[in-house]
Amino acid sequence: MPTSSSGTGQRPRSRAAAGLPALTADSIVSAATALTAQRGLDNWTLRELARAVEAYPAVIYHHVGDRDAVVNAVVDRVVGLLELPDERLPWQEWFTELLDGLRAVLRTYPGCARRLALFGPSVQAATRTIDAGIGVLLAAGFGRESVLAYNLLVMTACQFVAMEDDRDGALALRLDNTEAYAAYRRRDDLPGMAELGAAMHDLMGDPDLASSYYAQLYDYAVRRCLDGLAHRLDELHNSDGAGLTAT
């Protein structure tokens, strides 16, 4: 925060007098986005943000608003980092590429995925992605179901990333559970648990496999959603009034 003027005991009247750059809403949101990358969206306070930009909390209220307003701006900023795939790609490839990129962006800024899953971004921030994504589905033939299909894919992706973010903060519990499940790998009387136990035992013995487990789970979820939608698209194409009515 600004400090007192040398020898006077009084604070400078401006940031320029204190040798600080002018503060803007954009610079505040940039600082909050950086704090989110370092700590997660829910793990910094408005006072900590104020210290990061060397200002008083009242200045943040003036330029951006309360913490919820700053958080919303951060989420919108993160959504804006998402690159859209080439519109010429087939719809399944387009969404595979989009959602691969979405995970990479959201994992860089922990906590944003949960916020998006619950509330979504602002209309202004979402317009570019929504218009492109639903447009791809409309062109593929999903018709009035395009909105449902888009929300299924994006919300599934956000929920899986949110789960991954949350589990990062509970490593000890994850390890305890993994060990407990692995103990079932030789239970012939419980074949389902034995299969899970064998998988968990493999994870415990292979650091590379363990480190990529949630990425594989995310990829599996996305691809199976796409498979299901491809099947649904076949149904729509084979029905009367394809894409306009649900079966």
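That block above? That's the structure.
A brief report on the enclosed structure follows. (Residues numbered from 1 in each chain as written. Predicted model: local features only at pLDDT ≥ 70, side-chain atom pairs only at ≥ 80, totals over all residues. Heavy atoms only, no water.)

When helices and strands are counted, the protein chain shows 12 helices and 0 strands. Starting at the N terminus and walking to the C terminus, you meet the elements of the protein chain as α-α-α-α-α-α-α-α-α-α-α-α. The burial tally for the protein chain puts 36% of its 247 residues in the buried class. Put simply, 64% of the contacts in the protein chain that link residues at least 6 apart link residues at least 24 apart. When the accessible area of the protein chain is evaluated, it comes to approximately 14,300 Å², of which 53% is carbon and sulfur surface. (Helix = DSSP H or I, 4+ residues; strand = E, 2+ residues; numbered from the N terminus. Buried < 20%, exposed > 50% of the residue type's maximum accessible area, 1.4 Å probe, protein only. Contact = heavy atoms within 4.5 Å. Areas by Shrake-Rupley, 256 points an atom, 1.4 Å probe, with all protein chains shown as cover.)

So, about the pattern of salt bridges. Counting across every chain of the model gives 12 salt bridges. A salt bridge links arginine 39 to glutamate 48, with the nearest nitrogen and oxygen atoms 3.0 Å apart. Judged by its relative accessible area of 22%, glutamate 48 is partly exposed. Across the salt bridge formed by arginine 223 and aspartate 219, the nearest N and O atoms sit 2.9 Å from each other. Residue arginine 223 and its partner aspartate 219 are both found in helix 12 (residues 213–238); the two are separated by 4 residues, about one turn of the helix. Connected through shared salt-bridge partners, Arg103, Arg107, Glu164 and Asp165 make up one network. (Salt bridge = Lys/Arg side-chain N within 4 Å of Asp/Glu carboxyl O.)

This part is about the packing of helix 5 (residues 91–108) against helix 12. It is the contact of helix 5 with helix 12, at a shortest axis distance of 11 Å, that shows an interaxial angle of 155°. Comparing their axes, helix 12 and helix 5 come out roughly antiparallel. By crossing handedness, the relation of helix 5 to helix 12 is classed as right-handed. Residues Trp91, Gln92, Phe95, Thr96, Leu99, Asp100, Leu102 and Arg103 of helix 5 form the contact with helix 12, whose participating residues are Tyr214, Ala215, Tyr218, Asp219, Val222, Arg223, Leu226, Asp227, Leu229, Ala230 and Leu233. Among the residues making up the contact of helix 5 with helix 12, the classes are represented as 12 nonpolar, 2 polar and 5 charged. (Axes fitted to C-alpha atoms, helices over the stretch in contact; angles between N-to-C directions. Parallel < 35°, antiparallel > 145°, perpendicular 65-115°, else oblique. Left-handed = near helix turned anticlockwise from the far one by under 90°. Nonpolar A, V, L, I, M, F, W, Y, C, P; charged D, E, K, R; others polar.)

Right, let's get into the nonpolar core. Core analysis: the biggest nonpolar cluster contains 53 residues, and Leu49, Trp91, Phe95, Leu106 and Phe142 have the highest contact counts within it. Among the secondary structure elements, those contributing two or more residues to this core are helix 1 (25–39), helix 2 (46–52), helix 4 (67–80), helix 5, helix 6 (112–119), helix 7 (123–140), helix 8 (146–168) and helix 12. (Core = buried A, V, L, I, M, F, W, Y, C linked by side-chain atoms within 4.5 Å.)

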